[in-house]
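Residue-level structure breakdown
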Amino acid sequence: MITNRRGSGSVYLTLSLVLLFASCAPQFVAPYDPATDSAVTNVQQQLGTLFAEQQRTDPPVCDYDNYVGFYDALDVDLGSLVIRNEAREQNQLTVRQLRLLGDSLDNLEALHQRSGCLPEGQIEVLQRQFDTSFTAILRLELAKRR
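Residues numbered from 1 in each chain as written. Predicted model: local features only at pLDDT ≥ 70, side-chain atom pairs only at ≥ 80, totals over all residues. Heavy atoms only, no water.

Here we look at the side chain of Thr-36
Inclusion rule: In this text, helices come from DSSP runs of H or I with a minimum length of four residues, and strands from runs of E with a minimum of two, each type numbered from the N-terminal end. A 1.4 Å probe rolled over the protein chains alone gives each residue an accessible area, and that area as a share of the maximum for its type sets the label: buried under 20%, exposed over 50%, partly exposed in between. Counting of polar contacts relies on pairs of N or O atoms within 3.5 Å, with two restrictions inside protein: one atom must be capable of donating a hydrogen and the other of accepting it, and residues adjacent in sequence are counted only when both atoms are side-chain atoms. Pairs of residues are marked as contacts when any of their non-hydrogen atoms sit within 4.5 Å.
Along the chain, the position of Thr-36 falls in helix H2 (residues 34-56). Classification of Thr-36 as buried rests on a relative accessible area of 1%. One polar contact links Thr-36 to Asp-33, side chain to side chain, over a distance of 2.5 Å. Setting aside residues no more than four positions away along its own chain, Thr-36 makes contact with Leu-81, Arg-84, Asn-85, Arg-88 and Glu-141.

A word on the packing of aromatic side chains
The following threshold applies: Any two rings among Phe, Tyr and Trp, with Trp reduced to its six-membered ring, count as a pair given centres within 6.5 Å; such a pair is stacked if its planes are under 30 degrees apart, edge-to-face if over 60, and tilted if neither. Geometrically, a charge over a ring is one whose NZ (Lys) or CZ (Arg) sits within 6 Å of the ring centre while staying within 35 degrees of the ring normal.
Going through the model one piece at a time under the given rule, you end up with four aromatic pairs. Taking the centre distance of 6.3 Å and the plane angle of 85° together, the rings of Tyr-67 and Phe-70 count as edge-to-face. Every member of this aromatic cluster is reached through a ring pair, and the members are Tyr-64, Tyr-67, Phe-70 and Tyr-71. The ring of Tyr-32 has Arg-145 lying over it, and the distance from NZ or CZ to the ring centre is 4.5 Å.

Here it is, written out as structure tokens:
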């Protein structure tokens, strides 16, 4: 039996190149980051606590002045989260989502400050809107596991 060595060499070369490129598939988003997952969940829990307290308490307990420290701490937590995610390559979408969340939190704080207490009829709507944002951020982060 006669074999064509030249032909089998090109098959091996082609197979080797396919395997090489398959193992080096480009990533278009940063890999999953458990610290981001945990931090986003923590911010969501803090905000959920705010909404629950606002629904159960009356002035002057629910007044904005009693929550300045809360908003400051939330701002620091979110700022750290943005910086962490900016430092990760190919993570622009997550950073954009976190910045939009920060804008929403700034708007919430401004509403709270103007109103004294968060308006009772708006708390549930606000919470649903924030939950939608948190869900989107966490879905993206969890999808990075795949």
